[in-house]
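Take a look at the letters that make up each chain.
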Amino acid sequence: MHPQVDEFLNSAKRWQKELRKLRTVVLDSGLTEDWKWRSPCYVWEGSNVAILAELKDCCTLGFFKGALLRDSQRILSKPGKNTRAARTIRFTSVQEIVDLEPV
């Protein structure tokens, strides 16, 4: 666990509980936590895989190359209309995270 991520989570204004839950889920997957671009970033063997973000209306779990992931349940979305590779999942409650955790 990275100390700057602790600071980020402690200072989160709107989505602190949700971001803490996402952190737990991501760390349980075996990724390594890092701090990049002023955000919690998760890596595998030196490659960036995922990033957490706190937005006004939600918090997100973003995947840098999410377009390459199989998404049969269609939970991933493009963060912008011109986005090619990145995909995100938006959350507004801990229960949404718990419900999607098995996926």
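For the structure itself, look to the data block above.
Presented here is a report on the structure given in the accompanying data block. Model, not experiment: these values are computed from the prediction.

**Let's talk about helix α2 (residues 16-28)**
- Its 13 residues give α2 an end-to-end C-alpha distance of 18 Å, which sits within 8% of 18 Å, the value for a rise of 1.5 Å per residue.
- Glycine 30 lies just past α2 and shows a positive phi near 100 degrees.

**Quick look at the pattern of salt bridges**
- For the structure on display, the rule yields 3 salt bridges.
- Of the charged contacts, one joins aspartate 6 and arginine 23 as a salt bridge, the two residues approaching to 2.7 Å between their closest N and O atoms. Here arginine 23 lies in helix α2 and aspartate 6 lies in helix α1 (residues 3-11), a separation of 17 residues in the sequence.
- For glutamate 101, the salt bridge identified is with lysine 21, shortest N-O distance 3.4 Å. With glutamate 101 in the segment after α3 (94-100) and lysine 21 in helix α2, the pair connects residues that are 80 residues apart, well separated along the chain.
- Owing to a relative accessible area of 36%, glutamate 101 belongs among the partly exposed residues under this scheme.
- A cluster of three or more residues bridged by salt bridges with shared partners is formed by Asp6, Arg23 and Glu33.

**A few points about the packing of α1 against α2**
- Where α1 meets α2, the closest approach of the two axes is 8 Å, and the angle between their N-to-C directions is 150 degrees. Between α1 and α2, the crossing angle belongs to the class labelled roughly antiparallel. Contact residues: Val5, Asp6, Phe8, Leu9, Asn10 and Ser11 in α1; Gln16, Leu19, Arg20 and Arg23 in α2.
- Classifying every residue of the contact of α1 with α2 by side-chain character gives 4 nonpolar, 3 polar and 3 charged.

Rules and cut-offs
- Residues numbered from 1 in each chain as written.
- Predicted model: local features only at pLDDT ≥ 70, side-chain atom pairs only at ≥ 80, totals over all residues.
- Heavy atoms only, no water.
- Helix = DSSP H or I, 4+ residues; strand = E, 2+ residues; numbered from the N terminus.
- Expected span 1.5 Å × (residues − 1).
- Salt bridge = Lys/Arg side-chain N within 4 Å of Asp/Glu carboxyl O.
- Buried < 20%, exposed > 50% of the residue type's maximum accessible area, 1.4 Å probe, protein only.
- Axes fitted to C-alpha atoms, helices over the stretch in contact; angles between N-to-C directions.
- Parallel < 35°, antiparallel > 145°, perpendicular 65-115°, else oblique.
- Contact = heavy atoms within 4.5 Å.
- Nonpolar A, V, L, I, M, F, W, Y, C, P; charged D, E, K, R; others polar.

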